[in-house]
2 protein chains.
Amino acid sequence: MDLHLSIGAREGSLRGRLENELREAIRAGRLTPGDGLPSSRALAVDLGISRGVVVEAYEQLTAEGYLVAVVGSGTRVAADAGRGGDEGSGLEGQARDELPSVAEPRARHHLRPGLPDLASFPRRRWAAALTDTLRELPDERLSYGDARGAVELREALAGYLGRARGVSSSADRIVLTGGLRTGLSLLWGALAARGLRRVGIEQPGWPGQGATVVAAGLDAVPVAVDGDGLVVEELERSGVDAVVVTPANQFPTGAVLAPERRAALVAWARREGAQIVEDDYDAQYRYDRDPVGSLQGLAPDRTVHGGSVSKLLAPGLAIGWLVLPERLAGPVAEHKRSSQGAGSVIEQVALARLIDSGELDRHLRRSRRLYRGRREAVLAALARELPEARVSGAAAGLHVVVLLPSGCDEEAVVSEAARRSLALEAMRGREPAVLLGYGRLPEESVASVVRALAEAVRSARPGA
Amino acid sequence: MDLHLSIGAREGSLRGRLENELREAIRAGRLTPGDGLPSSRALAVDLGISRGVVVEAYEQLTAEGYLVAVVGSGTRVAADAGRGGDEGSGLEGQARDELPSVAEPRARHHLRPGLPDLASFPRRRWAAALTDTLRELPDERLSYGDARGAVELREALAGYLGRARGVSSSADRIVLTGGLRTGLSLLWGALAARGLRRVGIEQPGWPGQGATVVAAGLDAVPVAVDGDGLVVEELERSGVDAVVVTPANQFPTGAVLAPERRAALVAWARREGAQIVEDDYDAQYRYDRDPVGSLQGLAPDRTVHGGSVSKLLAPGLAIGWLVLPERLAGPVAEHKRSSQGAGSVIEQVALARLIDSGELDRHLRRSRRLYRGRREAVLAALARELPEARVSGAAAGLHVVVLLPSGCDEEAVVSEAARRSLALEAMRGREPAVLLGYGRLPEESVASVVRALAEAVRSARPGA
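What comes next is a walk through the structure.

1. Considerations on unusual backbone geometry
Step number 1: At the junction of F251 of chain A and P252 of chain A, the peptide bond is cis and its omega measures out at 5° in the coordinates.
Step number 2: Along the chain, P252 of chain A falls in the loop between β9 (242-245) and α9 (259-272).
Step number 3: Its identity is not glycine, yet A318 of chain B carries a phi of approximately 55°, on the positive side.
Step number 4: Mapped onto the elements, A318 of chain B comes out in the loop between β10 (303-308) and β11 (320-323).
Step number 5: Note on A318 of chain B: relative accessible area 15%, which makes it buried.

Have a look at this one:
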């Protein structure tokens, strides 16, 4: 079998290029569902690369749902992979940052999940991008623009999301929004006019998702999450018309949607004519391996991919996007045209500059280093100070889940932590747990913060 | 012809790079509408690439509207290309600027109502305000903010709208939005949850108002307008729950809502528990006396006052506001919190700086002088060149209504004007009339433009 893989002269790691080539081969139909892949040894020899690279690439694509490992018969293309290859879509994430509406004692340390390090926002570069944009943008562009948002940014995002997240898209299937929440509301408005009534949301999950569903006058139907992500069997019984998922890094559990769940989810959507909405809120922060590629890449015809700069840069920029399947691109654009403006053209074009110049990539490389250091310090301190807790969801994102000793009241821990100037959030899942966000926690504060958290846990214990 | 295309060392496919280079050449004006492109064969030879790549790139750019294939004469730059690339798509945004969704011959003069002079947007001052904001804003403010928007701008607007428009408000009754259209949609969403079903809209009026009502799943009920503005007697018979009005300068007629109508409108709203929504879109431009004060000042308990910077600065900033009655401030803020983000904190705080420093007032003084000169030139030229037409709605705003001789077909005049490179809009009211917007019409062009309009009117006449 000749796969026509060409991993020669391009950019990126060898492994990344091999993954891209394989994804492309599946999407383009050169590899079809059920096809067996060469053994890692054979392919490595063929390509003149090390076998480890091939093994890792196969593993990555298995995690993303493109491939399946079949015991006794090697690696095959997954049943539903890549169908509808030209149609893309996607919805990522924003505000996992439900700040309380009531005042709380001023916290010295913000440990809520869902915020990046605001101190490292590249202010000077952003100011320069804005100023350059204002110097060069033709007058005409200061008018009412395309309701979908500035074409420069839609083009830049199509390239960027393809490269960084394996999203299959093009500028005319992207609609810019004021962030993920605004994007979800826009989507519900457009889909409600086409009969959408019930939307599944992950439980536990980000309350903002359900809030947008309810605000749109629709029904939000909770669907359980376990260690493999959304429980698709429960989804199948729910009778919903759409579901919002966080496949790369479930919020708040940190579960990665398992390959067989990915396949089952896509099969469900195709069978029912239902819509998957992928909230890709912080998928770019992964510490043990490359980020898990987007679900949208696997089923661009059935997935809306949503994202924003809230975790990549800062929420205050208020820029997000929806990548839509072909059949929804027109209706969603039209709904936006009727109900909203285009958004700030100056900020949109400035962001396109940041992406095109490679500044965003450089910023993310710096950020990943920063968060990796904080994460390691947090894990070490938790092991030292709070050995009775287990930690999960640490492989990716900007928070870890601290599973409390059984019998512990998570809300009491949150209160005790607040008394120690720590602003924390409870997980509200099946086991008592708190979420420890380290996006804004300087490495040098980790030890004292975790010590204070350990005290809070002990004070909150029954009989303490 | 040397196109200065450089598709050498960059990322992406050859075809993609060629497309980008061509788009750039059109946007930058190196290729202008009507310019012929080299044949695919010639360009392929020039660039040393395969002809198929050039053909595909031409096809793509034709689909995107940048190029047109003219039978017998090859490929040319499209009429509308490069005016930002966005405007030919039929998806453009907002306000009183409903560009047609079908392509039209490129207009040399944009005479549609509803746009300010984009060339006088204070770019340097805006860049300075953004840069200063980025230098001074605390990190914390780059987080998810108050869903109502930045408090600095809500405070600045409370002062400014009180001073300039007689609006009675305070920061906690203001919600910032992405423009008037976005604001109306937000309001309908919040009111729909409280039982709102039918919304009165002015007839004739700005189609964008009705579009927001329909997009929210509500009924838009037309209510007649005459020389004294909205016919309140008709409103009383309509059974609507709310009505959107343009009292200071009715769009498009230019009527000012008469004092007795104002009183009757407010009495109706109080009697019925109905909601008045004041669209104050260009009330600040009045030439014969001070602007007519806001209706909201008369009945702050029953009026939502909506506005934006679209006419004051430029639509591309995408900043607007709702000033809400006490009883609606909470529900609308809560609905925004559930369904949208806060908007760009950097641009909001920058606008607050522009207001607080007096820059916005200075800009408006300059703008009023500019528009007054254009308006006087337009009125003089119309009297000279088109004495058979009557003019109305000239006391305020950025357009005049040209009432055509009876029997004249307004759509035919619009077509004839388009053939003369004038982009005009028909009034679609009771009498044949066209709207002549002068916001973007330089004074030195007025004479020739009005002469061309007079020719268009005569050509469109029955028996002409």
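2. Description of the pattern of salt bridges
Residues and elements named next belong to chain B.
Step number 1: Across all of its chains, the model carries 59 salt bridges over all chains by this definition.
Step number 2: Across the salt bridge formed by E359 and R125, the nearest N and O atoms sit 2.9 Å from each other. Of this pair, E359 sits in helix α12 (residues 359-385) while R125 sits in helix α4 (residues 123-136), placing them 234 residues apart in sequence.
Step number 3: Residue classification places E359 among the buried residues on the basis of a relative accessible area of 18%.
Step number 4: A salt bridge links E136 to R353, with the nearest nitrogen and oxygen atoms 3.2 Å apart. Here the residue E136 occupies a position in helix α4, and R353 occupies one in helix α11 (residues 345-356), the gap between them amounting to 217 residues.

3. With respect to the interface of chain A and chain B
Step number 1: Listed per partner, the contact involves 66 residues of chain A and 64 residues of chain B.
Step number 2: Buried surface at the junction of chain A and chain B, summed over both partners, amounts to about 5,300 Å²; 51% is from carbon and sulfur atoms.
Step number 3: On the chain A side of the contact with chain B, R123, Y144 and R337 of chain A bury the most area, a combined 18% of that side's loss.
Step number 4: As a salt-bridge pair, R440 of chain B and E140 of chain A come within 3.0 Å of each other at their nearest N and O atoms.
Step number 5: Where chain A touches chain B, the interface holds 24 residue pairs in polar contact (both at pLDDT 80 or more).
Step number 6: Residue assignment for the side of chain A that touches chain B shows that the elements contributing at least two residues are α4 (123-136), α5 (151-165), α6 (180-192), α7 (207-215), α10 (326-339) and α11 (345-356) of chain A.
Step number 7: Considering each element in turn, the side of chain A that touches chain B owes the most residues, seven residues, to α4 of chain A.
Step number 8: Tallied by class, residues from the side of chain A that touches chain B come to 26 nonpolar, 19 polar and 21 charged.

Calculation notes
- Per chain, the residues get numbers from 1 upward, laid out in the order the sequence is written.
- Chain letters start at A and ligand numbers start at 1, both assigned in the order the entries are written.
- Reporting of local features is limited, given that this is a predicted model, to residues whose pLDDT is at least 70; pairs of side-chain atoms are given and counted only at 80 or more, and all residues count toward the totals for whole chains, interfaces and linings.
- Here the side-chain values reflect all heavy atoms present in the structure, with hydrogen atoms and water set aside.
- We count a stretch as a helix when DSSP gives it H or I for four or more residues in a row; a strand needs E for two or more, and each element gets its number in order from the N terminus.
- Relative accessibility thresholds used throughout: buried, under 20% of the residue-type maximum; exposed, over 50%; partly exposed, between the two (1.4 Å probe, protein chains only).
- In the sections that follow, a salt bridge refers to a side-chain nitrogen of Lys or Arg positioned within 4 Å of a carboxyl oxygen of Asp or Glu.
- When checking whether two residues touch, look at their non-hydrogen atoms; a contact exists if any pair is within 4.5 Å.
- Accessible area that two parts lose when put together, evaluated with a 1.4 Å probe and summed over both, is termed the buried area.
- Think of a polar contact as two N or O atoms within 3.5 Å of one another; within protein, one of them needs to be a possible hydrogen donor and the other a possible acceptor, and neighboring residues in sequence only count if both atoms come from side chains.
- Each residue receives one of three labels: charged for Asp, Glu, Lys and Arg, nonpolar for Ala, Val, Leu, Ile, Met, Phe, Trp, Tyr, Cys and Pro, and polar for the others, Gly being one of them.

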